[in-house]
Amino acid sequence: MSFESLLFQAVNGFASASGLFLVAAGLSIIFGVTRIVNMAHGSFYMLGLYLAVTLAPLLGATFGGALGFWGGILGAALVTAALGALVEVVLLRRIYAAPELYQLLATFALLLIVNDATLYLWGPEDILGPQAPGLSGAVEFLGRRLPEYDIFLALIGPLVLLGLHLLLKRTRFGRLIRAATQDREMVAALGINEALLFTAVFALGTGIAGFGGALQMAREPANLALDLSVLGDAFVVVVVGGMGSIRGAYVAALLVAEVKALCTALGLVEVGGFTFNMSRLTLVAEFLVMAVVLVVRPHGLFGRPQPAQARRGEAEAPLVPLGRTGRLIVLAALVFFAGIPLLGAVASYAPVLALDMVIAALFAASLHLLMGPGGLASFGHAAYFGLGAYGTAYAATVLGLPTPLAFAVGMATAAAGAVLFGWFCVRLEGVYFAMLTLAFAQIVWSIAHQWEEVTGGSNGLFGVWPDPPFDSANGLYLAALGVTVLGLVLIRRLVFAPFGLALRAARDSRLRAEASGIAVEKVRWLAFAIAGTLCGAAGGLFAFAKGSISPEAISVGRSIDGLVMVLLGGVHSLMGPLLGAGGLTLLQDMVMRESPYWRGLLGLIILLIVLLFPSGLAAGLPRKRGAP
Amino acid sequence: MSARLPLLEIDGLDAWYGEAQILFGLSLQVATGEAVALVGRNGAGKSTTMKAIMGLVRRRANRLAFDGSDLAALPTHAIARLGIGYVPEDRRIFAELTVRENLDLGRRPRPPGATLPDWSMDAVFDLFPQLADMRARLGGQMSGGEQQMLAVARVLVGNPALLLLDEPSEGVAPIVVEHMTRALLRLKAGGLSLLISEQSSDLCAAICDRAYHIEQGELRGHGPMSARAPDIPPNAQAAPPTTSPL
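This structure is a prediction, so every number in the text was calculated from the model and none was measured.

A. Spatial organisation of the overall build of chain A. If you tally the helices and strands in chain A, you get 26 helices and 4 strands. Taken over C-alpha atoms, the radius of gyration comes to 25 Å for chain A, in line with the 25 Å a tight globule of 628 residues would show. Along the three orthogonal principal directions, the C-alpha set of chain A runs to about 75 × 65 × 50 Å. Sequence separation of at least 24 residues holds for 78% of the intrachain contacts in chain A that already meet a minimum separation of 6.

B. Structural view of the overall build of chain B. What chain B contains, in helices and strands, is 8 helices and 11 strands. Counting across all 246 residues of chain B, residues that qualify as buried make up 49%.

C. Fine view of the interface of chain B and chain A. Between chain B and chain A, the residue contacts involve 20 residues of the former and 17 residues of the latter. Only helix 2 (76–81) and helix 3 (99–106) of chain B provide two or more residues apiece to the side of chain B that touches chain A.

D. Summary view of the pairing of strand 3 (residues 35–39) of chain B. All names here are of chain B. Summarising burial for strand 3: 5 of the 5 residues are buried, a large majority. Residue alternation in strand 3 divides its side chains into two sets, Ala 35, Ala 37 and Val 39 and Val 36 and Leu 38, and both sets are buried. Relative to strand 9 (residues 193–198), strand 3 runs parallel, the two sharing 5 bridges. Paired with Ala 37 across the bridge in strand 9 is Ile 196. Bridge count between strand 3 and strand 10 (residues 210–215): 4 bridges; the pairing is parallel. For Val 36, the partnering residue across the bridge sits in strand 10 and is Arg 210.

E. Layout of the domain arrangement of chain A. Residues and elements named next belong to chain A. Structurally, chain A comprises domain 1 (3–129 + 146–296) and domain 2 (347–620). Distance from the C-alpha centre of domain 1 to the C-alpha centre of domain 2: 29 Å. Taken together, the 34 residues of domain 1 in the interface contact 34 residues of domain 2. Among the elements of the structure, helix 4 (100–122), helix 9 (226–241) and helix 11 (282–296) are those that each provide at least two residues to the side of domain 1 that touches domain 2. Sort the elements by how many residues they give to the side of domain 1 that touches domain 2 and helix 4 lands first, with 15 residues. Considered class by class, the residues forming the side of domain 1 that touches domain 2 number 27 nonpolar, 2 polar and 5 charged.

F. Quick peek at the packing of helix 2 (residues 41–63) of chain A against helix 9 of chain A. Residue and element names in this part refer to chain A. Between helix 2 and helix 9, the least distance of the axes is 7 Å, while the angle of their chain directions is 130°. By the criterion of interaxial angle, the relationship of helix 2 to helix 9 is oblique. For the pair helix 2 and helix 9, the crossing hand works out as right-handed. Contact residues: His 41, Gly 42, Ser 43, Tyr 45, Met 46 and Leu 49 in helix 2; Leu 226, Asp 227, Leu 228, Val 230, Leu 231 and Ala 234 in helix 9.

G. Spatial organisation of the nonpolar core. Counting residues in each nonpolar core, the largest one holds 288 residues, and the members touching the most others are Ala 24, Val 237, Ala 253, Ile 359 and Met 435 of chain A together with Leu 194 of chain B. In contact with Leu 194 of chain B, other than residues within four places in its own chain, are Ala 35, Val 36, Leu 163, Leu 165, Leu 184, Leu 187, Lys 188 and Ile 207 of chain B.

H. Fine view of the sheet that holds strand 8 (residues 162–166) of chain B. Residues and elements named next belong to chain B. The strand order across the open sheet formed by 6 strands is 7-8-9-3-10-11, and the pairing between neighbours is mixed. Strands with a single pairing partner mark the edges of an open sheet, and in this sheet they are strand 7 (84–87) and strand 11 (218–224). Across this sheet, the average inter-strand angle for adjacent strands is 15°, counted without regard to direction. Looking at chain direction, strand 7 and strand 8 are connected through 4 bridges and run parallel.

I. Structural view of the environment of Ile 207 of chain B. Residues and elements named next belong to chain B. Among the secondary structure elements, Ile 207 is positioned in helix 8 (residues 202–207). Here Ile 207 falls in the buried class, since 25 other C-beta atoms lie within 10 Å of it. When the C-alpha atoms of Ile 207 and Thr 76 are compared, they prove to be 27 Å apart, with 131 residues separating the residues in sequence. Leaving out residues up to four positions away in the same chain, Ile 207 has contacts with Ala 35, Thr 181, Leu 184, Leu 185, Lys 188, Leu 194 and Ile 196.

J. Main features of unusual backbone geometry. Residue Pro 469 of chain A follows Pro 468 of chain A across a cis peptide bond; omega there is 5°. Along the polypeptide, Pro 469 of chain A turns up in the loop between helix 18 (452–455) and helix 19 (473–496). Unusually for a residue other than glycine, Arg 92 of chain B sits at a positive phi of about 50°. Tracing the sequence through the fold places Arg 92 of chain B in the loop between strand 7 and helix 3. On the basis of neighbour count, Arg 92 of chain B is assigned to the buried category, with 20 C-beta atoms found within 10 Å. With a phi angle near 50°, Gln 216 of chain B is a residue other than glycine that sits in the positive phi range. Examined against the element boundaries, Gln 216 of chain B turns out to sit in the loop between strand 10 and strand 11. By C-beta crowding, Gln 216 of chain B is classed as partly exposed, having 13 other C-beta atoms within 10 Å.

K. Highlighting the pairing of strand 9 of chain B. All names here are of chain B. Most of strand 9 is tucked away, with 6 of its 6 residues classed as buried. Here strand 9 shows no split at all, with Ser 193, Leu 195 and Ser 197 on one side and Leu 194, Ile 196 and Glu 198 on the other all buried. As paired elements, strand 8 and strand 9 share 5 bridges and run parallel to each other. Following the sheet pairing, Leu 162 is matched in strand 9 by Ser 193. This β-α-β element, strand 8 to helix 7 (residues 174–189) to strand 9, shows right-handed connectivity.

L. Quick look at helix 12 (residues 324–338) of chain A. With 15 residues, helix 12 of chain A extends 21 Å between its outermost C-alpha atoms, agreeing within 8% with the 21 Å of an ideal straight helix rising 1.5 Å per residue. Across the 15 residues that make up helix 12 of chain A, only a small minority, 0, are buried.

M. Expanded view of helix 1 (residues 3–34) of chain A. All names here are of chain A. In this model helix 1 runs 45 Å from its N-terminal to its C-terminal C-alpha over 32 residues, within 8% of the 46 Å that 1.5 Å per residue would give. Most of helix 1 sits out of view: 24 of its 32 residues are buried. Immediately downstream of helix 1, the backbone of Arg 35 shows phi near 65°, a positive value.

N. Layout of the packing of helix 16 (residues 403–425) of chain A against helix 22 (residues 520–546) of chain A. Residues and elements named next belong to chain A. It is at 7 Å that the axes of helix 16 and helix 22 come closest, and there the two elements cross at 145°. Both helix 16 and helix 22 take part in a crossing whose hand is right-handed. Two secondary-structure elements touch here, helix 16 through Phe 407, Gly 410, Met 411, Thr 413, Ala 414, Ala 415, Gly 417, Ala 418, Val 419, Gly 422, Trp 423 and Cys 425 and helix 22 through Trp 525, Phe 528, Ala 529, Gly 532, Thr 533, Cys 535, Gly 536, Ala 537, Gly 539 and Gly 540. When grouped by side-chain class, the residues that make up the contact of helix 16 with helix 22 number 13 nonpolar, 9 polar and no charged.

O. Looking closely at the confidence of the model for chain B. Residues and elements named next belong to chain B. Per-residue pLDDT for chain B averages 87, and the proportion of residues at 70 or more is 89%. Strand 7 holds the highest mean pLDDT among the elements of chain B, 96, whereas helix 8 holds the lowest, 84. The low-confidence segment residues 228–246 (pLDDT under 50) makes 34 contacts with residues lying over four places distant or belonging to another chain. Prediction confidence for the complex, expressed as pTM and ipTM, is 0.84 and 0.88 respectively.

P. Representation of the confidence of the model for chain A. Residues and elements named next belong to chain A. Averaged over every residue, the pLDDT of chain A is 86; the share at 70 or more is 92%. Low confidence marks residues 308–314, where pLDDT is under 50. Its contacts with residues over four positions away, or in another chain, come to 10 contacts. Counting interchain partners and residues more than four positions distant, the pLDDT-below-50 stretch residues 618–628 has 12 contacts.

Q. Looking closely at the environment of Leu 150 of chain B. Residue and element names in this part refer to chain B. Secondary-structure assignment places Leu 150 in helix 6 (residues 144–156). Leu 150 sits 33 residues away from Ala 183 along the chain, and the two C-alpha atoms are 12 Å apart. In this view, Leu 150 contacts Ile 93, Val 99, Asn 102, Leu 131, Gly 139 and Met 142; residues no more than four positions away in its chain are not counted.

Cut-offs used in this document
Residues numbered from 1 in each chain as written. Chains lettered and ligands numbered in written order. Predicted model: local features only at pLDDT ≥ 70, side-chain atom pairs only at ≥ 80, totals over all residues. Helix = DSSP H or I, 4+ residues; strand = E, 2+ residues; numbered from the N terminus. Rg over C-alpha atoms; globule rule 2.2 N^0.38 Å. Contact = placed C-beta atoms within 7 Å. Buried ≥ 20, exposed ≤ 12 C-beta atoms within 10 Å, placed from the backbone. Pairing = 2+ DSSP bridges. Domains from an automatic or database assignment. Nonpolar A, V, L, I, M, F, W, Y, C, P; charged D, E, K, R; others polar. Axes fitted to C-alpha atoms, helices over the stretch in contact; angles between N-to-C directions. Parallel < 35°, antiparallel > 145°, perpendicular 65-115°, else oblique. Left-handed = near helix turned anticlockwise from the far one by under 90°. Core = buried A, V, L, I, M, F, W, Y, C linked by C-beta atoms within 7 Å. Right-handed = clockwise from strand over helix to strand, strands pointing away. Expected span 1.5 Å × (residues − 1). pLDDT = per-residue confidence, 0-100.

What follows is the structure, given as structure tokens:
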């Protein structure tokens, strides 16, 4: 590595930082005013790029290349802003009063729908845009050639930062944004039309994201993976910079981009006889930046401590142990599931499907431990599923360990990951917790994708077959049923134990729980670790069940599946997630895999749930036992 | 007094926080140019009454009207634009904005045909000279009393016909209470209508014509200020009596 290549990469880092900043700034402004974390924010970035690569050639044919290119970018930004306004009016307005989790889910459903709509409109192939007229060359710089467009992009970030700064400080619209960020209700009480302001702010935020996406036209092709990858990066930037701080967003974007660029510039590094390919470590570097910042400044570089968030909606009814009827139903279900192998003769598919359901049940129940009693909605539970699955697969194939031992290795891997990531996550609550867990899950996914020597890259690990007696469909199914039942019993006991009471107390009132001597962060950390470990067990079972594991199986889609299972069944009961897991597994098996657009379908289902039951599914159902 | 035209009419007002009902069939009226006190213990429902008028809590009423317009179906900002200036209990100054910017947000031109004097920036700085010297100061860096003045000034520049003042003397120094009382008397003399909630009635005694007494969300009685219900408890945090009639 030379000084020149370092400098070269540094300029590159500035160019990347601009893109990151544009997404994160919009996310931050929208959250500040509307208190909604827009999970679909990356989708607007992606749409901006798709619109630009479509508009630029169209406009170029009429008005010439230069006007086409820049007009395409401007047009894409404006169309994205208009789409944002439409989304705000049609969707968000209905969910401002809904619980946080529902808002996150609704905007995530939007992400799924936009992705499938993009697939439908533009097809699955990457689309390359035209080069920037006048900026397609390169500048000779210290013996290296710096693309002119990268220099241009590097300048755009600070320019937009300055523009936003002036907008916020010097205009009435900016004053309104700052005032509403602090106290929306008072802004309305002063006679300002809140609804209009929200629409304008959402259009501004999504327009900036679309602008950021469109600017990438000359740098990278439009592709369908952009929405999630950009969202994950934007979350890291926002958490590092401090939610609500535009300046923080730029500094954090620069920090993250430069550290990544540095890793790329370092290339192969030899330390103590071992050779590391630093360019592969860019994602780990991102994680390390976030870790260091959060340890030193838990609210981000320019963030402020979050005010204690009052829980919206009514207090949850206490959980009640099962009555006699309940016990009988559970027993009957257990007998039924234990008897499934007997059905194998008539319906050979039954044990296979039942295995999927059992694994989903353990996955959903482990997530529910955090979401229900813990009150912490994780948007990255797939991480621990993945760690468990990859740990098991690696131990079974590469290390050649016997099945039970390989399974234990998987659980231990998941436990280690949950302990490490959990330490950071439990410092945050609400949407911040959701964002950080999603970011960690993206990191685990990327590591699985990139660390080919261990994870097999995008192909994953194959030939993960269990030893006898687990090698038959029935054998594996019964073992999985046993593991799942054990896990469920453990969760149940924990929830009713003093530990569970402490967890629920912390959920209902963190301050009062702390004042009563409960170490809230420790209790939550332990819950996070237990949930992660049990989720890892589900992942290990999954690896054996499928005989393989690939990054696809541990993508953010799995995290969302878990959330949908818990919500479908009802977050207020311990049995709910099990019903939800069974229901969604059946649904996916029967309907969704039939269509290439099943993700969009899932999104529509989520939207329906959220719009029909805006205060939670449980509110739509008659209260059962324990109701006052 | 009540022979004058009613500006604010409330009849049978119920209001809720979440599932909990706070107000039960409350009725009151404020006539044009009148100053009315809303007195009662901490938690009686005074603040909720004001929030219910502004549409900030869920409410239902037989009649809830301002200047002849029904407020029931209007969003908060539209209620404010009809000419109601709401000064909340905790003042809710925008801490990140300067005094000048806080005032800018409240600024609305005088409605056509209004008979009240126009509250320009200069006019409020004349009313609260202290504010004039701290135009560039951030709201978060002001004392409680200064914030209270700013909160009143911020709604005044919107040229309202009625001010809702929720506990304007709470938590501020006696000298500020005195300033505030003087300022409110000037506003009343200028023709502005006032609805003031107080636990201690000293400020109200100096300003208000009539008083409504509410306890536990229900109206307990009303009458001229001098003949107000005698069982209002003295409050430990109450400001000392205003010394002279202003």
